[in-house]
Amino acid sequence: MKQLALPLPYPEEAGETAFLISSSNSRAAQALKRWGAWPVMAAMLVGPRKSGRSLLARIFAAQSGGTIIDDAERVDEEVIFHAWNNAQADRRPLLIVADAPPPDWPVTLPDLRSRLAATPIIAIDPPDEALMHALLERDFARRGLDARPELVQWLLARLERSHVALVRAVDALDQEVGQTRKRLSIPLARGTLAPAGLIIDRAMITGNDAA
């Protein structure tokens, strides 16, 4: 698993400033490195929430000297329009971060709509198994939770392949361990995550507790 390090100090805990790269997001990371070849001095970075897209955008800004507009769907369209024009005039790249590109994100300003239509889209895909594995290990370690390899594999087989599901599962397990003072284990994970609708536990379907 490769890492793209952020060369700026941030106040977060150790590891917050590294963006984990796998096949699900490597094309996006590489496209941001090649911003000089973009057809215009702007691009849209789209992808699932909790996918590290904002961190990747900050890495891009630090390395390119460009600017970013995060959560663009909630930013005034005139602001984006002028930022797009300024990027072309100044030859400084602009990265627009959103959940999805138009038309999923409705744009009412005609001039902005035409400019975004000419703007390349860089997509972060849902996490693959390798990235899910690395993120689980990293997030458990950050919280000081002793997640054994067999638990991580058990979760990989049951969690939805999404960044949001992973974050919510780790949050729920962290809270359960903190409240009960129990050791993190497969039975604890099953009892916590299945009622919360975060996993489909084969043991509940087949009656096999070892599943």
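Structure: see above.
Quantities reported herein were computed from a predicted structural model and do not represent experimental measurements. (Residues numbered from 1 in each chain as written. Predicted model: local features only at pLDDT ≥ 70, side-chain atom pairs only at ≥ 80, totals over all residues. Heavy atoms only, no water.)

Thoughts on unusual backbone geometry
What counts is decided by this rule: Strands here are runs of E lasting at least two residues and helices are runs of H or I lasting at least four, both read from the DSSP assignment and numbered beginning at the N terminus. Residue exposure (1.4 Å probe, protein chains only): buried if accessible area is under 20% of the type maximum, exposed if over 50%, otherwise partly exposed.
Between Pro 102 and Pro 103 the backbone carries a cis peptide bond, its omega angle lying at 10 degrees. Mapped onto the fold, Pro 103 is located in the loop between strand 5 (94–98) and helix 4 (110–117). Not every positive phi belongs to a glycine, and Arg 91 is a case in point at roughly 60 degrees. By the secondary structure assignment, Arg 91 is in the loop between helix 3 (77–90) and strand 5. Note on Arg 91: relative accessible area 54%, which makes it exposed.

Thoughts on helix 6 (residues 149–156)
Where we set the bar: Note on contacts: a residue pair qualifies if any of its non-hydrogen atoms lie within 4.5 Å across the two residues.
Buried within helix 6 we find Leu 151, Val 152, Trp 154, Leu 155 and Leu 156. Buried residues along helix 6 sit in contact with helix 5 (129–142), helix 7 (163–180) and helix 8 (186–193).

What about the side chain of Asn 25?
Operational definition: Pairing of N or O atoms within 3.5 Å defines a polar contact, subject to two protein rules: one partner must be a possible hydrogen donor and the other a possible acceptor, and residues neighboring in sequence count only if both atoms are side-chain atoms.
Mapping Asn 25 onto the fold places it in the loop between strand 2 (18–21) and helix 1 (26–33). In this structure the side chain of Asn 25 is engaged in a polar contact, spanning 2.9 Å, whose partner is the backbone nitrogen of Ser 22. Beyond its immediate chain neighbours, meaning those up to four positions away, Asn 25 contacts Phe 19, Leu 20, Ile 124 and Leu 131.

Remarks on the pattern of salt bridges
Which entries qualify depends on this criterion: Counted as salt bridges are all cases of a side-chain nitrogen of Lys or Arg within 4 Å of a carboxyl oxygen of Asp or Glu.
Applying the stated criterion across every chain yields a total of 11 salt bridges. Residue Asp 99 pairs with Arg 49 through a salt bridge whose shortest N-O separation is 3.4 Å. With Asp 99 in the loop between strand 5 and helix 4 and Arg 49 in the loop between strand 3 (42–46) and helix 2 (53–64), this residue pair connects regions lying 50 residues apart in the sequence. The exposure class of Asp 99 is partly exposed, given its relative accessible area of 33%. Between Arg 138 and Asp 139 there is a salt bridge whose closest N-O contact spans 3.7 Å. Asp 139 gets classed as buried once you look at its relative accessible area, which sits at 12%. Via salt bridges that share partners, Arg 49, Arg 53, Asp 71, Arg 74 and Asp 99 belong to a single interconnected network.

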